[in-house]
There are 2 protein chains.
Amino acid sequence: MTAAERARALDAADPLGVFRERFVLPEGVIYLDGNSLGALPRATMPAMERAVRGEWGEGLIRSWNEAGWFEMAQRVGGKIAPLIGAAPQEVIACDSTSVNLFKLIAAALEMRSGRKVVLSEPGNFPTDLYMVAGLERQGLAERRLAPREGLLEALDRDVALLMLTHVHYKTGAMHDMAALTRAAHEAGALVLWDLSHSTGAVPVDLAGVGADFAVGCGYKYLCGGPGAPAFAFVAERHHADLAQPLTGWFGHAAPFAFSDDYEAAPGIEQLLCGTSPVLGLTALEVGVDLIARIGIERLYAKSRALSEFFLECLAERGIDLDLVSPDDSAARGSQLSFRHNEAYPVCQALIARGVIGDFRAPDILRLGFAPAYLSFADIAEAARHLAEVLESEEWRREEFNRRSAVT
Amino acid sequence: MTAAERARALDAADPLGVFRERFVLPEGVIYLDGNSLGALPRATMPAMERAVRGEWGEGLIRSWNEAGWFEMAQRVGGKIAPLIGAAPQEVIACDSTSVNLFKLIAAALEMRSGRKVVLSEPGNFPTDLYMVAGLERQGLAERRLAPREGLLEALDRDVALLMLTHVHYKTGAMHDMAALTRAAHEAGALVLWDLSHSTGAVPVDLAGVGADFAVGCGYKYLCGGPGAPAFAFVAERHHADLAQPLTGWFGHAAPFAFSDDYEAAPGIEQLLCGTSPVLGLTALEVGVDLIARIGIERLYAKSRALSEFFLECLAERGIDLDLVSPDDSAARGSQLSFRHNEAYPVCQALIARGVIGDFRAPDILRLGFAPAYLSFADIAEAARHLAEVLESEEWRREEFNRRSAVT
């Protein structure tokens, strides 16, 4: 059987195949960048129309009560909760991943006063490291980076917080959440997991591993739209002791008492800061509803099958690339990353053929396999294009070697 | 001439009358709450459709470059600039007002190291005071509140930052920005103006008064939609010395170098933190374009005329209410606030008649006069309804005296 034939058989047997039509997928495009910006659900535009024309245009200020805008942050957070093994009252949708990191790192440092070290790894997603740097320049944190094989050793009694990204944005390598959480707790530290590259593609069990804090992104596998609100998780056992510095009015116990003094709301809503971004939350909710409906276990099974099939197709054509992602699909997120000296022009040549992946400096070609809307036929085709780009060396063309200012 | 007749004449002569049809105004509603949530511009929905279906759905990740998403925060900021007397490169649209307050208060404290006091007034908008409290609990700030008549006296050599809201949210009273900025600078302090209740209704001249920092809201007079992104201003002379703690990847000099270490971008974009909220910025840009096109001087002139006409209509009917806003329209923003023991049920009775204003605890009826879309006929009608509610005492009805959980 050819790759295309096998793809047809796999698609025919795929229980998730029916969900493909719930997304807008542009003609002539094979989209392997859903780990950067998820595709548009078909239900998003009608929901935006209801929110804009109906709730904002007709309802005006009344919609804060009548359309449930006040509860949106909690409601959407509660829907994300089952995807990450949390209780609904432990998750809230708000601000950006970066801002949420700041809140939770600061909260952890206050809960472990006397300790100042935030331990992470070099090459973690930059914004995670930068937010620690922000607290460091405030004199409140001390950033310590140790390579993943040295993390346990670096977990000494100065560490207030272990902060890691579950699935690495560049390599797709997955940390052992349970073991690292346990080790951190044994060292008296708290743990913050960045789930940006996990949520909606890989099951996470925050309750099971006993995690303290987590954040994650709304615009990748959750399909919440460009720059969607992010989410934050705090284990319920910490709600009473929590204190975070971005004490805005939406996190107040009684925002409409307009008191001069801040009093934090009792639950997860104490993480709110400014007024909730209603239009962004509207789009995010549609994506979350759809992903939750498909179900995280089925998404994960398909995600593994997709990346395994991609490697199989490449191998069959005799393409031998330097895979920096783990070989075992159980040890990686929903992506494959290859190291190639000419990763940039290779990526551009693929894009010119309609296969959209991305380049991560300096030499990584990153292909994401969003299981909610990709077919096995997409995968076979994408593998064929990649093989042809490499065999033909068409990436050498001048047009693929011009760098844009931002990528 | 009756009030209605005079309203007709005023509307006929109103150069801004033609803009009313650029907004969606629900049938049977007179909307006096544009100072809380601005009305929906007719151009917003088509713009959202282009952004969602076209840029996100079809363009996918490519739209960061091809649809200009990377420049949106600066572009929208640059369009807000002329409304507040700033240069385009001094303003950026991002995060919420609360989060932007945190960045700029922290930056000011760092620029005035050795001083810790942030001076404001009691009864300032709560989130402004709460964000100082957040820095206070980090041990970085000391909050000092002085009533407005005591501000100059409280401006001693411990004050790092004077932080005030230009137009008071509850009373509409306007501070003398020039005099207070001068006094703060003479005391060696910096100044941060919250322009949430000014921008789009009242002209502000940040350059003229020599302001250091400002923030403002996107969802009030700028008509950017519920929970729209906010904006932040930093005078260009401070850009090189600025350091703010929310050092996320979008504020990095080279975000796509993915370096472990933070290096702030040189200009106003160093205020960015997480990924820009593209859908929220899309709606905000439409509102800003429209308000900027109408022009701030014309908006201000009409805003004063509207509130003066409202008071005239009430006086004519012999209604004598306790106005807590300044009598002189030159000394207030685009609103009138009345103190009334039964402000809550009076507000509810007005809403039942289709006149939407709002209640601010404990006893304020607040009516906003958004000049971009209100007519003098609206004003005459609203005054008639208010007079009738008071004369008939229909506010005593039980249905108007039930408090909802949030208002």
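Residues numbered from 1 in each chain as written. Chains lettered and ligands numbered in written order. Predicted model: local features only at pLDDT ≥ 70, side-chain atom pairs only at ≥ 80, totals over all residues.

Colleague: Would you explain the overall build of chain A in this entry?
Modeller: Tallying secondary structure elements over chain A gives 13 helices and 15 strands in all. Computed over its C-alpha atoms, the radius of gyration of chain A comes to 22 Å, within 12% of the 22 Å expected for a compact globule of 407 residues. Considered along the principal axes of its C-alpha atoms, chain A spans approximately 70 × 60 × 40 Å. When each of the 407 residues of chain A is scored for burial, the buried share is 57%. Nonlocal contacts in chain A, meaning residues at least 24 apart in sequence, comprise 73% of its contacts between residues at least 6 apart. (Helix = DSSP H or I, 4+ residues; strand = E, 2+ residues; numbered from the N terminus. Rg over C-alpha atoms; globule rule 2.2 N^0.38 Å. Buried ≥ 20, exposed ≤ 12 C-beta atoms within 10 Å, placed from the backbone. Contact = placed C-beta atoms within 7 Å.)

Colleague: Mind showing me how you'd approach the pairing of strand β5 (residues 117-120) of chain B here?
Modeller: Note on strand geometry: in a regular strand, side chains alternate between the two faces of the sheet. Residue and element names in this part refer to chain B. Of the two faces of β5, both are covered, the one formed by Val117 and Leu119 as well as the one formed by Val118 and Ser120. Sheet topology places β5 next to strand β6 (residues 142-145); four bridges connect them, and they run parallel. Residue pairing for β6: Leu119 is matched across the bridge by Arg144. Traced from β5 through helix α6 (residues 126-137) to β6, the parallel crossover comes out right-handed. (Pairing = 2+ DSSP bridges. Right-handed = clockwise from strand over helix to strand, strands pointing away.)

Colleague: Whenever I open this one, the pairing of strand β15 (residues 364-368) of chain A confuses me. Can you help?
Modeller: Residue and element names in this part refer to chain A. Of all five residues in β15, five are buried, a share of seventy percent or more. Neither face of β15 is open: one carries Ile364, Arg366 and Gly368, the other Leu365 and Leu367, and all of them are buried. Summarising the sheet, strand β12 (residues 335-339) and β15 pair through five bridges and their orientation is antiparallel. Along β15, the bridge assignment pairs Ser337 with Arg366. Where strand β14 (residues 358-360) and β15 come together, three bridges link them in antiparallel fashion. Note that in β15 the partner of Phe359 across the bridge is Leu365. The turn joining β14 and β15, which pair antiparallel and follow one another in sequence, is formed by three residues.

Colleague: Whenever I open this one, the interface of chain A and chain B confuses me. Can you help?
Modeller: Where interface size is quoted, it is often the accessible area lost as the parts come together. Counting residues at the interface gives 74 residues for chain A, matched by 74 residues for chain B. Counting only elements with at least two residues in the side of chain A that touches chain B, the list comes to α2 (44-59), α5 (97-111), α6 (126-137), α10 (278-294) and β14 of chain A. Considering only residue class, the side of chain A that touches chain B consists of 42 nonpolar, 23 polar and nine charged. (Nonpolar A, V, L, I, M, F, W, Y, C, P; charged D, E, K, R; others polar.)

Colleague: Can you help me understand the sheet that holds strand β15 (residues 364-368) of chain B in this one?
Modeller: Across a sheet, strands are paired by hydrogen bonds formed along the backbone, either parallel or antiparallel in direction. Read across the sheet, four strands follow the order β11-β12-β15-β14 (chain B) without closing on themselves; strand pairing throughout is antiparallel. Two strands bound the open sheet, and with one partner strand each, they are β11 (322-323) and β14 (358-360) of chain B.

Colleague: Looking at this structure, how should I read the sheet that holds strand β9 (residues 213-216) of chain B?
Modeller: Residues and elements named next belong to chain B. Strand order in the open sheet made by the seven strands is β4-β10-β9-β8-β7-β5-β6, with mixed pairing throughout. Since the sheet does not close on itself, it has two edges, and those belong to β4 (91-94) and β6, each with one partner. The sheet shows a mean angle of 20° between the axes of neighbouring strands, direction not considered. Of the pairings in the sheet, the one linking strand β7 (residues 159-165) to strand β8 (residues 190-194) comprises five bridges and is parallel in character. Residue Leu161 lies in a different strand from β8, and its bridge partner there is Leu190. (Axes fitted to C-alpha atoms, helices over the stretch in contact; angles between N-to-C directions.)

Colleague: Sorry if this is basic, but what is going on with the domain arrangement of chain A here?
Modeller: Residue and element names in this part refer to chain A. According to the domain assignment, chain A contains domain 1 (3-31 + 296-400) and domain 2 (45-294). Each partner contributes residues to the interface: domain 1 has 25 residues there, and domain 2 has 17 residues. Elements with a minimum of two residues in the side of domain 1 that touches domain 2: α11 (296-316), β12 and β15. It is α11 that contributes the most residues to the side of domain 1 that touches domain 2, six residues altogether. Of the residues in the side of domain 1 that touches domain 2, the class split is 13 nonpolar, six polar and six charged. (Domains from an automatic or database assignment.)

Colleague: Whenever I open this one, unusual backbone geometry confuses me. Can you help?
Modeller: The step from Ala361 of chain A to Pro362 of chain A runs through a cis peptide bond, and the omega angle for that step is 0°. Looking at where Pro362 of chain A falls in the secondary structure, it is placed in the loop between β14 and β15. Here Phe258 of chain B, not a glycine, exhibits a phi torsion of approximately 50°, which is positive. Residue placement: Phe258 of chain B occurs in the loop between β10 (230-234) and α10 (278-294). C-beta crowding within 10 Å serves as the criterion here: with 17 such atoms nearby, Phe258 of chain B is assigned to the partly exposed category. If you check the backbone angles, Glu393 of chain B has positive phi at about 55° while not being a glycine.

Colleague: Looking at this model, I keep getting lost on helix α11 (residues 296-316) of chain B. Mind explaining?
Modeller: Along an α-helix, residues three or four apart share an orientation, since each turn contains 3.6 residues. Residues and elements named next belong to chain B. Here α11 is 21 residues long and its end C-alpha atoms lie 30 Å apart, about the 30 Å a rise of 1.5 Å per residue gives. Looking at the buried positions of α11, the neighbouring elements they touch are α1 (3-12), α10, β12 (335-339) and α13 (376-392). Positive backbone phi, approximately 75°, marks Gly318, located one or two places after α11. (Expected span 1.5 Å × (residues − 1).)

Colleague: Looking at this structure, I do not really get the packing of α10 of chain A against α10 of chain B. What am I missing?
Modeller: Two numbers describe a pair of packed helices, the interaxial angle and the distance between the axes. Two elements in contact, α10 of chain A and α10 of chain B, have axes separated by 8 Å at closest approach and are oriented at 140°. With respect to their mutual orientation, α10 of chain A and α10 of chain B come out oblique. The handedness of the crossing between α10 of chain A and α10 of chain B is right-handed. The segment α10 of chain A lies against α10 of chain B, with Leu279, Gly280 and Ala283 of chain A engaging Leu279, Gly280 and Ala283 of chain B. Across the contact of α10 of chain A with α10 of chain B, the residue classes tally to four nonpolar, two polar and no charged. (Parallel < 35°, antiparallel > 145°, perpendicular 65-115°, else oblique. Left-handed = near helix turned anticlockwise from the far one by under 90°.)

Colleague: Looking at this structure, I do not really get helix α12 (residues 343-352) of chain A. What am I missing?
Modeller: All names here are of chain A. Within α12, eight of the ten residues are buried, which leaves the element mostly enclosed by the surrounding structure. Listed in full, the buried residues belonging to α12 are Ala343, Tyr344, Pro345, Val346, Cys347, Gln348, Ala349 and Leu350. Tucked into the core, α12 has its buried residues touching β13 (355-356), β14, β15 and α13 (376-392). A positive phi of about 90° marks Gly354, the residue just after α12.

Colleague: Looking at this structure, I do not really get the nonpolar core. What am I missing?
Modeller: As a rule of thumb, soluble globular proteins bury nonpolar side chains together. By size, the foremost hydrophobic cluster in this structure holds 288 residues, and its most contacted members are Ile105, Leu161 and Leu162 of chain A together with Ile105, Leu161, Leu162 and Leu192 of chain B. Residues in contact with Leu192 of chain B, not counting those within four places in the same chain, are Leu104, Ile105, Ala108, Leu161, Met163, Asp212, Phe213 and Ala214 of chain B. (Core = buried A, V, L, I, M, F, W, Y, C linked by C-beta atoms within 7 Å.)

Colleague: So what exactly am I meant to see when it comes to the relation of the copies chain A and chain B here?
Modeller: Note on the chain copies: they are related by a rotation about an axis and a translation along it. Taken as rigid bodies, chain A and chain B are interconverted by a rotation of 180° and an axial shift of 0.0 Å, the fit giving an RMSD of 0.0 Å. Read as a symmetry element, the transformation amounts to a two-fold axis. Residue Gly280 of chain A, judged by its C-alpha, is the member of chain A lying nearest the rotation axis, at 3.1 Å. Most of the interface of chain A is mirrored in chain B: 100% of its interface residues are interface residues there too. (Least-squares fit on C-alpha atoms with pLDDT ≥ 70 in both.)

Colleague: How do you make sense of the confidence of the model for chain A when you look at a structure like this?
Modeller: Summing up the model confidence of chain A, the mean pLDDT is 97 and the portion of residues at 70 or higher is 99%. As scored by the predictor, the complex reaches a pTM of 0.98 and an ipTM of 0.97. (pLDDT = per-residue confidence, 0-100.)

Colleague: Explanation requested: the environment of Phe309 of chain A in the structure shown.
Modeller: Along the chain, Phe309 of chain A falls in helix α11. Among all residues touching Phe309 of chain A, those that are not within four sequence positions of it are Leu10, Phe376 and Ile379 of chain A.

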